[in-house]
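Breakdown of the fold
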Amino acid sequence: MHKIKATLLALSEIGFDVLYVERESVKKSEDRRKLLEEIFKNMEREKKCVLYEGASGYVFGEGNPYSPVVFVGEAPGEEENQLKRPFVGKAGRYLNQKLKEVGLEREEVYITNVVKSRPPGNRKPTPKEMQSCLPYLRKEIEIINPKLIVCLGSTALEGILGKSLPVSKHRGEIIDYPFKREIKVLLTYHPAYILRNPYAEKEFVEDLRKVKAYIERI
Ligand code: URA
């Protein structure tokens, strides 16, 4: 964002007062949205990603498909299930607030979940249930091709890496995404965990600052 602002300022200083956006870049951004829509349509048609009884359909990822950062959570909760949007409940509102605090807007990034419908009683999805949805998450990531995947909690990390690691030991670490080593993975706490354990907030915000710094370096 800062780079764009600086470039625009420099251009205006040398006399440019109108800027035309390349048609190609507009077309490109439409394409990523279209590709994501295709995946979501396939999910609905194939019904391979486990669809829990009582869940009224899938909650897909949302946000900027051109973002260098993708946030991955575990599974939608009750409000997400009702509104069909990820992270719009209590944990989501807390995440938005903390993103703002470090200078990031939710709309700038892309947010999704490993499992796309709400497990009964908000329980953790089983490995088998996760496996059934992972091909779709991997396709989402392939299309967005981010520089950084932020795993919110250990279930997200398990989905992304294919193995589980304790958050307490590995939070804040940056590791390679196994399917494309140029993509990095950052593990942090799930926002719902911080709401239950406020002492961890400082480290969570520290991790979000790391994300912001990562974006600025790109
Ligand atoms: N928790 C998650 O992991 N995902 C959501 O979308 C909401 C809460």
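The following refers to the structure shown. All of these numbers come straight from a predicted model, not from anything done at the bench.

Things to note about the nonpolar core
By size, the foremost hydrophobic cluster in this structure holds 58 residues, and its most contacted members are Phe71, Ile149, Ile160 and Val211. Per element, the largest residue contribution to this core is eight residues, and it comes from helix α5 (residues 127–144). Residue contacts for Val211: discarding those within four places in its chain leaves Val69, Phe71, Leu104, Leu148, Val150 and Leu186.

Regarding the site of the ligand
Neighbouring the ligand are Gly73, Glu74, Ala75, Pro76, Glu80, Pro86, Phe87, Asn113 and His190. At 2.9 Å from a nitrogen atom of the ligand is found a main-chain nitrogen or oxygen belonging to Ala75. Contacts to the ligand include Asn113, whose side-chain N or O atom sits 2.8 Å from a nitrogen atom. Taken by itself the ligand offers 240 Å² of open surface, and the protein chains cover 92% of this. In terms of residue class, the shell around the ligand is built from four nonpolar, three polar and two charged.

Quick word on the packing of α5 against helix α6 (residues 154–161)
Interhelical geometry of α5 versus α6 gives an angle of 75° and a closest axis separation of 9 Å. One finds that α5 runs roughly perpendicular with respect to α6. Here Met130, Leu134, Leu137, Arg138 and Ile141 of α5 lie close against α6, whose contacting residues are Thr155, Glu158, Gly159 and Ile160. A per-class count over the contact of α5 with α6 returns five nonpolar, two polar and two charged.

Observations concerning the sheet that holds strand β5 (residues 174–177)
Taken in spatial order, the six strands line up as β1-β3-β2-β4-β6-β5 in an open sheet, and their pairing is mixed. Of all the strands in the sheet, just β1 (62–63) and β5 have a single pairing partner and so form its edges. Looking at chain direction, β1 and strand β3 (residues 110–113) are connected through two bridges and run antiparallel. Note on β3: the bridge partner recorded for Glu62 is Ile111.

Here is what the cut-offs are and how they apply
- Each chain carries its own residue numbering, running from 1 in the written order of its sequence.
- In keeping with the predicted nature of the model, local features appear solely for residues at pLDDT of at least 70, side-chain atom pairs appear and are counted solely at 80 or more, and the whole-chain, interface and lining totals rest on all residues.
- For side-chain calculations, the full set of non-hydrogen atoms in the structure is used, while hydrogens and water are omitted.
- Among buried residues, the Ala, Val, Leu, Ile, Met, Phe, Trp, Tyr and Cys ones that are joined through side-chain atoms within 4.5 Å form a nonpolar core.
- Three labels apply to residues, based on accessible area from a 1.4 Å probe with only protein chains included: buried if under 20% of the type maximum, exposed if over 50%, partly exposed otherwise in between.
- Secondary structure elements are defined from DSSP: runs of H or I of at least 4 residues count as helices, runs of E of at least 2 residues count as strands, and each element is numbered from the N terminus.
- In this analysis, two residues are considered to be in contact whenever any of their non-hydrogen atoms come within 4.5 Å of each other.
- A molecule or strand has a residue near it when one of that residue's heavy atoms lies within 4 Å.
- Pairs of N or O atoms within 3.5 Å make up the polar contacts considered here, provided that, within protein, one atom can donate a hydrogen while the other can accept it, and that residues adjacent in sequence are counted only when both atoms are side-chain atoms.
- Areas reported as accessible are Shrake-Rupley estimates using a 1.4 Å probe. Residue values count occlusion only from the protein chains shown.
- We call Asp, Glu, Lys and Arg charged. Ala, Val, Leu, Ile, Met, Phe, Trp, Tyr, Cys and Pro are nonpolar, and the rest, Gly among them, are polar.
- The convention used is that axes are lines fitted to C-alpha atoms, helices contributing only their stretch in contact, and that angles between N-to-C directions extend from 0 to 180 degrees.
- Comment on the angle field: the value is read as roughly parallel under 35 degrees, roughly antiparallel over 145, roughly perpendicular from 65 to 115, and oblique elsewhere.
- Pairing between two strands requires that DSSP report at least two bridges joining them.

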